[in-house]
Amino acid sequence: MKELDLLKKDWQKNTDSFEQVSEIEIYKMIHKNSSSIVKWILIISILEVLLWTGFSMVFSADDYLKKINNEGLSFTLKAFTYLNYAVIVIFIYLFYKNYIRISAIAATKQLMKDILKTRKMVQYYVWYNLGMIVFGLIMGFIIALYYNPETIILRNKVEHDPKIMAITIGILAIVTIVLFGLFWLFYRLLYGILLRRLHSNYKELKKIDL
């Protein structure tokens, strides 16, 4: 990235110089840098899946589901888990295709299109994960309240006392907002820097293409 910045500065400051850096050289550096960024997006997404998979294996919900003893619910949760993994694998596959395409293309306009496409895809991926986190929290609360036999007393109070229901919903909302905010910051840190660099590359390519 430092090498690319130096080339851009040299290109901007020495426009009348005989030895000025050519647009082709700038393009090659942006191309190489963009390919590297997309590769890191692919690597990070794979590592993220491995991390959450390992986390779910260590903190398995099997014992909890056995305690609930509801085969229909267990089947639904497992099916939802497999569906979620399938969607994430599709995203990773699309990241891989973007990496291969960006690594191979030569046209400036096509590279610009693929950079925008990659940025949008990563944004969709992040919002999908955030949506699943919120959905998972809500579903976890409903399961704990209405299917866990140990919470029958609390369930009865919630159903018959509007104040307790309001407090319970308020606590759920606060916990959901806090966790959503933490994960949003996590994803912003994880992918935000890479996306900003891609956007910077797009702006430089736009200057060249004019």
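The notes below deal with the structure included here. (Residues numbered from 1 in each chain as written. Predicted model: local features only at pLDDT ≥ 70, side-chain atom pairs only at ≥ 80, totals over all residues. Heavy atoms only, no water.)

1. With respect to the overall build of the protein chain
Our working rule: Secondary structure elements are defined from DSSP: runs of H or I of at least 4 residues count as helices, runs of E of at least 2 residues count as strands, and each element is numbered from the N terminus. Each residue's exposure class comes from its accessible area (1.4 Å probe, protein chains only) as a fraction of the maximum for that residue type: buried when under 20%, exposed when over 50%, partly exposed otherwise. Contacts are assigned to residue pairs with any non-hydrogen atoms lying within 4.5 Å of each other. Using a 1.4 Å probe, accessible areas were evaluated by the Shrake-Rupley method; residue-level cover was limited to the displayed protein chains.
Scanning the protein chain for helices and strands turns up seven helices and zero strands. Of all 210 residues assigned to the protein chain, the portion counted as buried reaches 32%. For the protein chain, the share of sequence-separated contacts (at least 6 apart) that also reach a separation of at least 24 residues comes to 80%. Entry remark: accessible area of the protein chain is about 13,800 Å², with carbon and sulfur atoms responsible for 67%.

2. A short note on the pattern of salt bridges
What counts is decided by this rule: Salt bridge, as used here: a side-chain nitrogen of Lys or Arg that lies within 4 Å of a carboxyl oxygen of Asp or Glu.
In the structure shown here, the tally under the stated rule is one salt bridge. Arg101 is the partner of Asp114 in a salt bridge, and the nearest nitrogen-oxygen pair spans 3.1 Å. In this pair, Asp114 sits in helix 5 (residues 108–146) while Arg101 sits in helix 4 (residues 71–104), placing the two residues 13 residues apart along the sequence. Arg101 sits in the partly exposed class, given a relative accessible area of 24%.

3. Here's the deal with the nonpolar core
Heads up, the rule is: Side-chain atoms within 4.5 Å link the members of a nonpolar core, which is a set of buried Ala, Val, Leu, Ile, Met, Phe, Trp, Tyr and Cys residues.
Ile41, Phe95, Leu111, Val122, Tyr191 and Leu205 are the most contacted members of the largest nonpolar core, which has 33 residues in total. Looking at this core, the elements with two or more residues in it are helix 2 (23–58), helix 4, helix 5 and helix 7 (162–209). Ranked by residues supplied to this core, first place goes to helix 5 with ten residues. Residues within four places of Leu205 in sequence aside, it is in contact with Tyr27, Ile30, Thr108, Leu111, Met112 and Ile115.

4. Some words on a nonpolar patch on the surface
So the rule is basically this: Residues forming no salt bridge and having over 30% relative accessible area are the ones grouped into patches, like charges within 9 Å of each other and nonpolar side chains (Val, Leu, Ile, Met, Phe, Trp, Tyr) within 5 Å.
Residues Trp40, Ile43, Ile46, Leu47 and Leu50 make up a contiguous nonpolar surface patch of roughly 470 Å² in combined accessible area. If you trace the backbone, Ile43 turns up in helix 2. The class of Ile43 is partly exposed, set by a relative accessible area of 30%.

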